[in-house]
Amino acid sequence: MSFEFFCLTDPGRARDNNEDSVAVDQRAALAVLADGMGGYNAGEIASSMATSFIKSELGRWLTEAASNASDTDVRRAMDICVDNANRAIYNAANSNPHYAGMGTTLVVAVFREGRLLMGHIGDSRGYRLRAGHLTQITRDHSLLQEQIDAGLITPEQAAFSANKNLVTRAVGVEDTVLLETHLHDVQPGDLYLLCSDGLSDMVPDAEIEAILDRTTELAEAGNRLVAAANEAGGRDNIAVVLVRAHGQASSVRSWWPFRR
């Protein structure tokens, strides 16, 4: 099984700076996405530190060891790398007053033969499109999600809530953080989407599904998703990573044009 990657960030229409960051390692079949915390200082620093650190450290380990590693080994390596990234961001925030309070959400995806280990922290999301049906495969670490789970509000009411973007878990805010990781099966033809809330808050899942289902090329699909978020107002930075699973042997391809 081989994997094709595309990733893109865009500042959106309302902000001058871009606090979203993405990174891929095609040899390791690794994708990382982070959204610097809105309203925090130096969110772009936190997200960049998270993606670059995890790509470097986890990517190197996967390239060297993953062929002989179990899924449990990979999950442990993900936890260790995220913990180290968290400590690096936390220490930077506490040693430099310009970085005080910074933090970031995170999604980490490691693709293996026939399966995916996806870990996340915060409200950036992972989705899977299979046979034309889009499924969210992460669950937001947010106050809004807790209210939905408790039955205090409905998902329909949540779309208009004032509590959007209040995350209950983030990288770099405390000295420890828990990466929630799940194992998923991967089938040839599956399309996976990692995104920041700049996309998921602006574009309904049904529209994301339609765009992905009717677009063959990953670059075109990614750009259409960003365009849809901007057409809906573009109130936040937008980050998108797309990964398609192929069933026949071929080289892993990757694109990552960044917009600033």
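Residues numbered from 1 in each chain as written. Predicted model: local features only at pLDDT ≥ 70, side-chain atom pairs only at ≥ 80, totals over all residues. Heavy atoms only, no water.

Peer 1: Would you explain the overall build of the protein chain in this entry?
Peer 2: For the protein chain, the count of helices and strands is seven helices and 11 strands. By the burial criterion, 52% of the 260 residues in the protein chain qualify as buried. Long-range contacts, defined as pairs at least 24 residues apart, comprise 73% of the intrachain contacts of the protein chain with a sequence gap of at least 6. Of the roughly 11,500 Å² of accessible surface on the protein chain, 47% is carried by carbon and sulfur atoms. (Helix = DSSP H or I, 4+ residues; strand = E, 2+ residues; numbered from the N terminus. Buried < 20%, exposed > 50% of the residue type's maximum accessible area, 1.4 Å probe, protein only. Contact = heavy atoms within 4.5 Å. Areas by Shrake-Rupley, 256 points an atom, 1.4 Å probe, with all protein chains shown as cover.)

Peer 1: Hey, could you run me through the pattern of salt bridges in this one?
Peer 2: Any two side chains of opposite charge can pair, so long as their charged atoms come close to each other. For the structure shown, the criterion picks out 10 salt bridges. The salt bridge involving D185 is made with R130; its shortest N-O contact spans 3.2 Å. Remark: R130 occurs in strand 6 (residues 125-130) and D185 occurs in strand 8 (residues 180-185); sequence separation between them is 55 residues. Residue R224 pairs with E220 through a salt bridge whose shortest N-O separation is 2.6 Å. Linking R224 with E220, this pair stays in helix 7 (residues 218-231), spanning four residues, or about one helical turn. The class of R224 is partly exposed, set by a relative accessible area of 35%. Several salt bridges converge on common partners, so that one network encompasses D71, R112 and R115. (Salt bridge = Lys/Arg side-chain N within 4 Å of Asp/Glu carboxyl O.)

Peer 1: Is there a simple way to think about helix 1 (residues 43-65) in this case?
Peer 2: Since there are 3.6 residues in each turn of an α-helix, residues three or four apart along the chain are aligned in direction. An ideal rise of 1.5 Å per residue puts 33 Å on 23 residues; helix 1 measures up with 32 Å between its terminal C-alpha atoms. Every buried residue of helix 1 is listed here: G43, A46, S47, A50, T51, I54, L58, G59 and L62. Buried residues along helix 1 sit against strand 2 (20-25), strand 3 (30-35), helix 2 (71-95) and strand 4 (106-112). (Expected span 1.5 Å × (residues − 1).)

Peer 1: Any chance you could explain the packing of helix 6 (residues 205-214) against helix 7 here in plain terms?
Peer 2: Each pair of packed helices can be described by the angle between their axes along with the distance between the axes. Direction vectors running N to C along helix 6 and helix 7 enclose 155°, while the axes themselves pass 9 Å from each other. Here helix 6 lies roughly antiparallel to helix 7, going by the angle between them. In this structure, helix 6 meets helix 7 at a crossing whose hand is right-handed. Each of E207, I208, I211, L212 and R214 in helix 6 lies in contact with helix 7, whose residues at this interface are A221, R224, L225 and A228. Looking at side-chain class alone, the contact of helix 6 with helix 7 contains six nonpolar, no polar and three charged residues. (Axes fitted to C-alpha atoms, helices over the stretch in contact; angles between N-to-C directions. Parallel < 35°, antiparallel > 145°, perpendicular 65-115°, else oblique. Left-handed = near helix turned anticlockwise from the far one by under 90°. Nonpolar A, V, L, I, M, F, W, Y, C, P; charged D, E, K, R; others polar.)

Peer 1: In this structure, what is going on with the packing of aromatic side chains? I would like to understand it.
Peer 2: Each pair of aromatic rings is reported with the distance of its centres and the angle of its planes. Evaluation of the coordinates by the stated rule reveals three aromatic pairs. Between the aromatic rings of F3 and F111, the centroid separation amounts to 5.1 Å while the plane-to-plane angle is 40°, which identifies the pairing as tilted. Linking F3 in strand 1 (residues 2-10) with F111 in strand 4, this pair joins segments that are 108 residues apart in sequence. As far as the burial class goes, F3 and F111 line up, both buried. (Phe/Tyr/Trp six-rings, centres within 6.5 Å; stacked < 30°, edge-to-face > 60°.)

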